[in-house]
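# Chains, contacts and geometry: an overview
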Amino acid sequence: MTSFSKRFLLCAVAYVVLGMALGTHMGAQQDFKLAPIHGHMNLVGWVTMALFAWFYNTVPAAAGDKLAQAHFWAAQIGMVMFIIGLYIVLNENMTGEPVLIAGELLTGISMLIFGYKVWKTDAT
Ligand code: HEM
């Protein structure tokens, strides 16, 4: 496994561990208010980042430039801002909205970079 790919995969595992812990907590408390955080942490944090890791492991040449670094940091900072902003908004405090929107934008940008990377990859 390449080190860049491993970075993505380690982040993915961190998100799913936190996401599962939150799911377990919600079930134990029978309080599902934070279900959207659980859903996004698991699907964007775990599933999406694991797919990024798979791509960079399969196409190591795609990992070697500044755009790949931008992809990684947009994805991580975006995910963290998304979770924090959503947490604040779900607690009925709209001051979290700009943080949530910034997180959404960064998450979207990270996916656009990924799309560009896939597009630029030569098919065999
Ligand atoms: C220990 C593992 C997990 C536990 C205990 C758990 C628990 C839960 C609970 C209690 C809910 C709320 C159900 C409700 O609203 O009635 C939920 C929703 C959900 N879970 Fe999990 N879950 C786990 C793992 C996962 C994983 C691995 C994924 C995705 C890869 C996932 C995706 C979702 C989604 C998409 C929702 C719906 C979120 C929403 O309604 O906004 N969960 N889960």
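Here goes a summary of the coordinates provided. Note that the structure is predicted; figures quoted are calculated from it, not measured. (Residues numbered from 1 in each chain as written. Predicted model: local features only at pLDDT ≥ 70, side-chain atom pairs only at ≥ 80, totals over all residues.)

## A few points about the site of the ligand
The local shell around the ligand holds 15 residues, among which Met20, Gly23, Phe32, Gly39 and Asn42 are the closest. If you list the elements that add at least two residues to the shell around the ligand, you get α1 (3-29) and α2 (35-58). Per element, the largest residue contribution to the shell around the ligand is eight residues, and it comes from α2. Here the residues of the shell around the ligand are counted per class, giving nine nonpolar, six polar and no charged. (Near = placed C-beta within 6 Å. Helix = DSSP H or I, 4+ residues; strand = E, 2+ residues; numbered from the N terminus. Nonpolar A, V, L, I, M, F, W, Y, C, P; charged D, E, K, R; others polar.)

## A word on the nonpolar core
Ranked by size, the top nonpolar core spans 25 residues in total, and within it Phe8, Ala12, Tyr15, Met49 and Phe52 carry the most contacts. Residue assignment for this core shows that the elements contributing at least two residues are α1, α2, α3 (66-90) and α4 (97-120). Those residues in contact with Met49 that lie beyond four places of it in its chain are Phe8, Cys11, Ala12, Tyr15 and Ala75. (Core = buried A, V, L, I, M, F, W, Y, C linked by C-beta atoms within 7 Å. Buried ≥ 20, exposed ≤ 12 C-beta atoms within 10 Å, placed from the backbone. Contact = placed C-beta atoms within 7 Å.)

## Brief notes about unusual backbone geometry
One can expect most non-glycine residues to show negative phi and most peptide bonds to be in trans. The backbone of Gln30 sits at a positive phi, close to 55°, despite the residue not being glycine. Within the element layout of this structure, Gln30 appears in the loop between α1 and α2. Phi is positive for Glu92, which is not a glycine, with a value near 60°. Summarising the element assignment, Glu92 is placed in the loop between α3 and α4. A tally of 8 C-beta atoms within 10 Å means that Glu92 is categorised as exposed.

## Considerations on α4
Here α4 is 24 residues long and its end C-alpha atoms lie 35 Å apart, about the 34 Å a rise of 1.5 Å per residue gives. Within α4, burial applies to Leu100, Gly103, Leu106, Thr107, Ser110 and Phe114. Those residues of α4 that are buried lie in contact with α2 and α3. (Expected span 1.5 Å × (residues − 1).)

## Observations regarding α3
With 25 residues, α3 ought to run about 36 Å at 1.5 Å a step, and its terminal C-alpha atoms sit 35 Å apart, in line with that. Buried within α3 are the following residues: His71, Phe72, Ala74, Ala75, Gly78, Met79, Met81, Phe82, Ile83, Gly85 and Leu86. Against the buried residues of α3 lie α1, α2 and α4. Positive phi shows up at Glu92, right after α3, with a value of about 60°.

## Here we look at the packing of α1 against α3
The geometry of α1 relative to α3 is characterised by a closest axis approach of 11 Å and an angle of 10° between their N-to-C directions. By the angle between their axes, α1 is roughly parallel relative to α3. Residues Phe4, Arg7, Phe8, Cys11 and Tyr15 of α1 form the contact with α3, whose participating residues are Ala68, Phe72, Gln76 and Met79. The class makeup of the residues in the contact of α1 with α3 is seven nonpolar, one polar and one charged. (Axes fitted to C-alpha atoms, helices over the stretch in contact; angles between N-to-C directions. Parallel < 35°, antiparallel > 145°, perpendicular 65-115°, else oblique.)

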